[in-house]
Amino acid sequence: TLLLGGMVALMFGFGFAMVPLYDLLCQVTGTQSIALRTQTGSQQVIAEAVDDSRLVTVKFDTSVNPNLPWEFNAGTRSMKVHPGKIYEVNFVANNRSSSTVTGQAIPSVAPWQATPYFSKLECFCFSRQTLAGNEQTDMPLRFMVSTDLPAEINSLALSYSFMRLKPGQEAEQEAPALPSIAAID
């Protein structure tokens, strides 16, 4: 039991150490330039100057897993944005069944090279969504494209796949591979 207690304490401590280690990883790899940060419970966006001389096309794509009886669409299919400026778009979800269903949106950005330069500041994908039978709802997305987006990328796509979740189930999302500790030094 002493060994088990020690393991629990180590796991608990490792959980607290993950935040500073993740911040260090982001700082080393340079992927945190426009990240949304949580500090003492309040959200702070790292501001960037707006690049009015450049327009980037952002396309919105949606799909729904066949096990989820929902319709899910982007209110806007594409838009031209100025890097550094915050934009908002709405998505619409409709539960076509007569029972309550919970889903989770899994986002992806293409081309993958644009991923670190696209920030979702407020997104329905941050938490699971539950819709009552035949309920329809608007789901806002606030985002910003970084001014650091490489010049050769002038168009990107944000795709959402909605998956059905059973009560107590977590969304399955593949985590990005992390470099080894030796690679950071």
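Scroll up for the structure.
Computed from a predicted model, the values in this text were never measured in an experiment.

It is not clear to me how the sheet that holds strand β8 (residues 118-123) should be interpreted in this structure. Could you clarify?
On the basis of which strands lie adjacent, the open sheet formed by four strands has the order β4-β6-β10-β8 and antiparallel pairing. Pairing within the sheet leaves two strands with one partner each, and these edge strands are β4 (70-74) and β8. Ignoring which end each strand starts from, the neighbouring axes of this sheet average 25° apart. One ladder, built from five bridges, connects β8 with strand β10 (residues 136-145); its direction is antiparallel. The residue of β10 that forms the bridge with Cys 123 is Leu 141.

Help me understand the nonpolar core, please; the structure alone is not making it clear to me.
Soluble globular proteins tend to pack their nonpolar side chains together in the buried interior. Counting residues in each nonpolar core, the largest one holds 32 residues, and the members touching the most others are Phe 60, Phe 91, Phe 124, Leu 141, Phe 143 and Tyr 160. Those elements giving two or more residues to this core turn out to be β3 (56-64), β4, β5 (78-81), β6 (86-95), β7 (101-110), β8, β10 and β11 (155-165). Apart from residues no more than four positions distant in its own chain, Phe 143 is found in contact with Val 58, Phe 60, Met 79, Val 81, Lys 85, Ile 86, Tyr 87, Val 89, Phe 118, Ser 119, Lys 120 and Leu 121.

Looking at this structure, how should I read the sheet that holds β3?
Pairing within the open sheet is mixed, and its five strands lie in the order β5-β3-β11-β7-β9. At either end of the open sheet lies a strand with only one pairing partner, and these are β5 and β9 (129-131). On average, adjacent strands in this sheet sit at an angle of 30° to one another, irrespective of strand direction. As judged from the three bridges shared by β7 and β9, these two strands associate in the antiparallel manner. Its bridge partner lying in β9, Val 101 is registered against Leu 131.

Hey, could you run me through the pairing of β3 in this one?
Working note: regular strand, side chains alternate between the two faces of the sheet. Pairing between β3 and β5: four bridges, direction antiparallel. Its bridge partner lying in β5, Val 58 is registered against Met 79. Bridge count for β3 against β11 is eight bridges, and the pairing is parallel. When the sheet's bridge partners are listed, Val 58 is paired in β11 with Leu 156.

I tried to follow the packing of aromatic side chains on my own but got confused; where do I start?
Any two aromatic rings considered together are summarised by their centre-to-centre distance and by the angle between their planes. Per the counting criterion, the structure on display carries 12 aromatic pairs. With a centroid separation of 5.9 Å and an interplanar angle of 85°, the aromatic rings of Phe 60 and Phe 91 are classed as edge-to-face. You can see Phe 60 sitting in strand β3 and its partner Phe 91 sitting in strand β6, a full 31 residues away along the chain. Here Phe 60 and Phe 91 have matching classes, each one buried. Connected via pairs of aromatic rings, a cluster forms that spans Phe 60, Trp 70, Phe 72, Tyr 87, Phe 91, Phe 118, Phe 124, Phe 143, Tyr 160 and Phe 162.

Conventions used here
Per chain, the residues get numbers from 1 upward, laid out in the order the sequence is written. The predicted nature of this model means local features are confined to residues of pLDDT at least 70 and side-chain atom pairs, given and counted, to a pLDDT of 80 or more, with totals for whole chains, interfaces and linings taken over all residues. The side-chain quantities take in all heavy atoms of the structure and omit both hydrogens and water. The criterion for strand pairing is that DSSP finds at least two bridges linking the strands in question. Secondary structure is summarised from DSSP: a helix means a run of H or I of at least four residues, a strand means a run of E of at least two, and numbering begins at the N terminus for each. Helix axes are fitted only over the stretch in contact, all axes being lines through C-alpha atoms; the angle between N-to-C directions runs from 0 to 180 degrees. In plain words, nonpolar cores are sets of buried Ala, Val, Leu, Ile, Met, Phe, Trp, Tyr and Cys residues tied together by side-chain atoms within 4.5 Å. Burial classification: accessible surface area is computed with a 1.4 Å probe over protein chains only, and a residue below 20% of its type maximum counts as buried, one above 50% as exposed, and the rest as partly exposed. In this analysis, two residues are considered to be in contact whenever any of their non-hydrogen atoms come within 4.5 Å of each other. Pairing of aromatic side chains here covers Phe, Tyr and the six-membered ring of Trp, requires ring centres within 6.5 Å, and sorts the geometry by plane angle: under 30 degrees stacked, over 60 edge-to-face, intermediate tilted.

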